[in-house]
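Chain residues, written in single-letter form:
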Amino acid sequence: MSKESFAYRLKSTMEKQELKQVDIVRAAEQCGVKLGKSHISQYVSGKATPRADILHFLADTLQVEAAWLTGIDEPDAPAIIDDTPQQQINTPVSGGTNMREFKKSTKLDNVLYDVRGPVVEEAARMEDLGTRILKLNIGNPAPFGFVTPDEVVYDMSKQLTECEGYSAAKGLFSARKAIMQYAQVKNLPNVAIDDIYTGNGVSELINLSMSALLDDGDEILIPSPDYPLWTACATLAGGTPVHYICDEQSEWYPDMADIEKKITDRTKALVIINPNNPTGALYPREVLQQIVEIARRHQLIIFSDEIYDRLVMDGEEHVSIASLAPDLFCVTFSGLSKSHMIAGYRIGWMVLSGNKRIAKDYMEGLNMLSNMRLCSNVPAQSIVQTALGGHQSVKDYIMPGGRVYEQRDYIYKALNDIPGITAVKPKAGFYIFPKMDVKKFNITNDENFALDLLREKKILIVHGNGFNWKQPDHFRIVYLPRIEVLENAMVKMKDFLSTYRQ
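Just so you know, these numbers come straight off a predicted model, no measurement behind them.

Cut-off values and rules
The residue numbering used here restarts from 1 in each chain and proceeds along that chain's sequence as written. Side-chain atom pairs in this predicted model are given and counted only at pLDDT of 80 or more, local residue features only at pLDDT of at least 70, and totals for whole chains, interfaces and linings cover all residues. Water and hydrogen atoms play no part in the side-chain values, which are based on all heavy atoms of the structure. Secondary structure elements are defined from DSSP: runs of H or I of at least 4 residues count as helices, runs of E of at least 2 residues count as strands, and each element is numbered from the N terminus. Computation of the radius of gyration draws on C-alpha atoms alone. For the globule rule, the value is 2.2 Å times the number of residues to the power 0.38. For each residue, the accessible area found with a 1.4 Å probe, counting protein chains only, is set against the maximum for its type, and the residue is called buried under 20%, exposed over 50%, and partly exposed in between. The protein chains shown are the only cover counted for residues, whose accessible areas, like all others here, come from Shrake-Rupley with a 1.4 Å probe. In this charge count, Lys and Arg are treated as positive and Asp and Glu as negative; neither His nor the chain ends contribute. Taken as the charge centre is NZ of Lys, CZ of Arg, CG of Asp or CD of Glu, depending on the residue. Whenever a carboxyl oxygen of Asp or Glu lies within 4 Å of a side-chain nitrogen of Lys or Arg, that contact is scored as a salt bridge. Strands were regarded as paired on the criterion that DSSP finds at least two bridges between them. Whether two residues are in contact is decided by their heavy atoms, any of which lying within 4.5 Å being enough. Each axis is a line fitted through C-alpha atoms, taken for helices only over the stretch in contact, and angles between the N-to-C directions span 0 to 180 degrees. What is meant by a nonpolar core is a set of buried Ala, Val, Leu, Ile, Met, Phe, Trp, Tyr and Cys residues, joined one to another through side-chain atoms within 4.5 Å. For Phe, Tyr and Trp, where Trp contributes only its six-membered ring, two rings pair if their centres lie within 6.5 Å, and the inter-plane angle classes them as stacked under 30 degrees, edge-to-face over 60, or tilted in between. Either the NZ atom of lysine or the CZ atom of arginine qualifies as a charge over a ring when it sits within 6 Å of the ring centre and within 35 degrees of the ring normal. How far a helix is expected to stretch is found by multiplying one less than its residue total by 1.5 Å. The arc refers to the directions leading from the helix axis to the C-beta atoms.

Once that is clear, we can look at the overall build of the chain. Looking only at helices and strands, one finds 20 helices and 15 strands in the chain. Computed over C-alpha atoms, the radius of gyration of the chain comes to 24 Å, within 12% of the 23 Å expected from 2.2 N^0.38 for 502 residues, which places it in the range of a compact globule. By its C-alpha atoms, the chain is 70 × 55 × 50 Å across when sized along the principal axes. When burial is assessed residue by residue, the chain has 56% of its 502 residues classed as buried. Within the structure as shown, the chain displays about 22000 Å² of accessible surface, and the carbon and sulfur contribution to it stands at 50%. Considering the chain, the positive charge centre built from 55 side chains and the negative charge centre built from 64 side chains are found 2 Å apart.

Put into structure tokens, the structure is as follows:
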């Protein structure tokens, strides 16, 4: 199958029938076909072609012949149906037969990670052609001039010769001791040093924790919008992510009624992201208490992603939900990537707390998976004690006059000054999740909006659907660049939106 022919015929047929990518995805859902928005995007752009079952679904939906859709009009011509990237080809071996093809696992069919998805791939293509792109898509402090505290760098350099071998699977004693003491300060109940696992960032530990818990068909409640790794890891583990709504009209707090409505006898756990990525919301004690009561009533595990807990502004207090739930089993995630501007060091942790008696078997699974990966990055573990003790340089960034604080205030005002854009003010982290007036801009596909902005103004953002937000009316901006850079970006975005209609 020629990818170019297939992509052209698919796109032109959709245009003739006035069908958007989201219409195809909805039709797939109705037919029980696993087909995500990112897959359609790759098919239309010519980056991949579908497997035979997906091809026939597309042909039936568009009311065309599958052979024609592939670009093969001769009835006897063989069609090679693949799902492979463009660089992989079928190479004949002696005798004229085709070589065996290796395709990605079908477990990836519903996995979405558009923080580094098709729009980012287009940005990379443009960069290869010499175009400069302003990247407001990923929370990576280093490119924007945020530096690691000198003390951290110094202490790692002094310990490198002691970090050449594996550590214990859960991590160095000194690192876990410091994390345990930090957990005590946050009032996490019933935490011992053996309840602490270090990881190569929180990302690795989310994957590990989902794999140890979920059987095929098990359900787990995850916020929408979410940090998409949660949904991806739950899906890869065989579980079924069920998204509960966070309410923009209520400071992006979780909708308790929606959570209750979506709990079934297959629900095992509930995830919160607090402070939240992508919205910047910070959940107050009373909201957390309501979540605890729901988890208590339905006997659920609570997973709490708290990686931004030291980036809280406006004098607000971050409360760890585990501190309110001593009778429940909770897993709390945090790390140093954001608070100490060392995203590349890859050091995070998870803390088990509360009623561990009810999770003994699950904890055995965590130990097994932790042992299998041997250990996390040992040099990065070596600076945890240094980083968590003494002066916290991040506080200088989040006070009035500090970079993160002032950039947050600027981007919030600048976005709300653009006609057709509104945004809730973030209270933590360095993300904002503005809303677009879809009627004003006639937006039906938020990924296409992100691509149009990228191509015209060279600004890279992540569209709302990349965070499992189902309506095409939001996008996320990272406000890490200095104010003068953000000012330039907002001037360009305002100009772009003044005439934009999808």
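When the charged atoms of two side chains with opposite charge come close together, those side chains can pair. Applying the stated criterion across every chain, the model contains 22 salt bridges. Between Lys427 and Glu251 there is a salt bridge, with its nearest N and O atoms 3.8 Å apart. A residue pair is termed long-range when its members are at least 10 positions apart, and Lys427 in the loop between strand E10 (421-422) and strand E11 (431-432) and Glu251 in the loop between strand E4 (240-247) and strand E5 (253-254) qualify at 176 residues. Given a relative accessible area of 18%, Lys427 falls into the buried group. Relative accessible area serves as the criterion here: at 37%, Glu251 is assigned to the partly exposed category. The partner of Glu317 in a salt bridge is Arg285, and the shortest N-O contact between them spans 3.6 Å. You can see Glu317 sitting in the loop between strand E7 (301-305) and strand E8 (329-335) and its partner Arg285 sitting in helix H12 (residues 285-298), a full 32 residues away along the chain. What emerges from the salt-bridge pattern is a single network uniting Asp314, Arg408, Asp409 and Lys425.

What follows covers the sheet that holds E4. Across the sheet, which stays open at both edges, the eight strands sit in the order E2-E9-E8-E7-E6-E3-E4-E5 with mixed pairing between neighbours. Looking at the sheet topology across the chains shown, the edges are occupied by strand E2 (196-199) and E5. Pairing analysis gives three bridges linking strand E3 (residues 219-224) to strand E6 (residues 267-273), with the strands arranged parallel. From the neighbouring strand, Glu219 faces E6, where its bridge partner is Thr267. Contacts from helix H9 (residues 201-213) reach E2, E3, E6, E7, E8 and strand E9 (348-354), with the element oriented near 45° to E9.

Okay, the sheet that holds strand E15 (residues 475-478) next. The sheet built from three strands is open, its strands ordered E11-E15-E14 with antiparallel pairing. Where the open sheet ends on each side, the last strands, each with one partner, are E11 and strand E14 (462-463). Relative to E15, E14 runs antiparallel, the two being bridged by two bridges. Paired with Val462 across the two strands is Arg476, which belongs to E15.

Attention shifts here to the nonpolar core. Residues Met210, Trp230, Phe303 and Ile477 are the most contacted members of the largest nonpolar core, which totals 80 residues. Residue contacts for Trp230: discarding those within four places in its chain leaves Ile206, Met210, Ile222, Val271, Ile273, Phe303, Asp305 and Phe333. In this structure, Cys246, Ile294, Leu324 and Ala387 belong to the second largest nonpolar core, which totals 55 residues.

The next subject is the packing of aromatic side chains. According to the stated counting rule, one finds 18 aromatic pairs in the structure shown. Plain terms: the ring middles of Tyr308 and Phe430 are 5.7 Å apart, the flat faces sit at 90° to each other, and that makes the pair edge-to-face. Of this pair, Tyr308 sits in the loop between E7 and E8 while Phe430 is found in the loop between E10 and E11, placing the two residues 122 residues apart along the sequence. A relative accessible area of 4% places Tyr308 in the buried class. On the basis of relative accessibility, which here comes to 0%, the residue Phe430 falls in the buried class. The rings of Trp252, Phe433, Phe467 and Trp469 are connected pair by pair, giving a single aromatic cluster. Arg403 extends its terminal NZ or CZ atom over the ring of Phe146, reaching a point 3.9 Å from the ring centre. In this structure, Arg408 is placed above the aromatic ring of Tyr405, and the distance from its NZ or CZ to the ring centre is 5.0 Å.

A few words on helix H13 (residues 360-372). Between its terminal C-alpha atoms H13 stretches 19 Å, which fits the 18 Å expected from 13 residues at 1.5 Å a residue. Among the residues making up H13, those that are buried are Tyr362, Met363, Gly365, Leu366 and Ser370. The buried residues of H13 occupy one face: seen down the axis, they fall within an arc of 155°. When the buried face of H13 is taken as reference, the exposed residues oriented beyond 90 degrees from it are Lys360, Asp361, Glu364, Met368 and Met372. In this structure, the buried residues of H13 make contact with E2, H9, E7, E8 and E9.

Next up on the list: the pairing of E9. In terms of burial, E9 is largely enclosed, as seven of its seven residues are buried. The pairing of E2 with E9 spans four bridges and is antiparallel. Pairing of Ile196 across the sheet is with Val351, part of E9. Relative to E9, E8 runs antiparallel, the two being bridged by seven bridges. Bridging across to E9, Thr332 finds its partner in Val351.

With that settled, the discussion passes to unusual backbone geometry. Across the junction of Ser224 and Pro225, the peptide omega takes the value 5°, indicating a cis bond. Inspection of the secondary structure assignment puts Pro225 in the loop between E3 and helix H10 (228-236). Of note, the bond from Asn274 into Pro275 is cis; its omega dihedral lies within 30 degrees of zero at 0°. Tracing the sequence through the fold places Pro275 in the loop between E6 and H12. The backbone phi angle of Asn190 is positive, close to 60°, even though this residue is not glycine. Along the polypeptide, Asn190 turns up in the loop between helix H8 (173-185) and E2.

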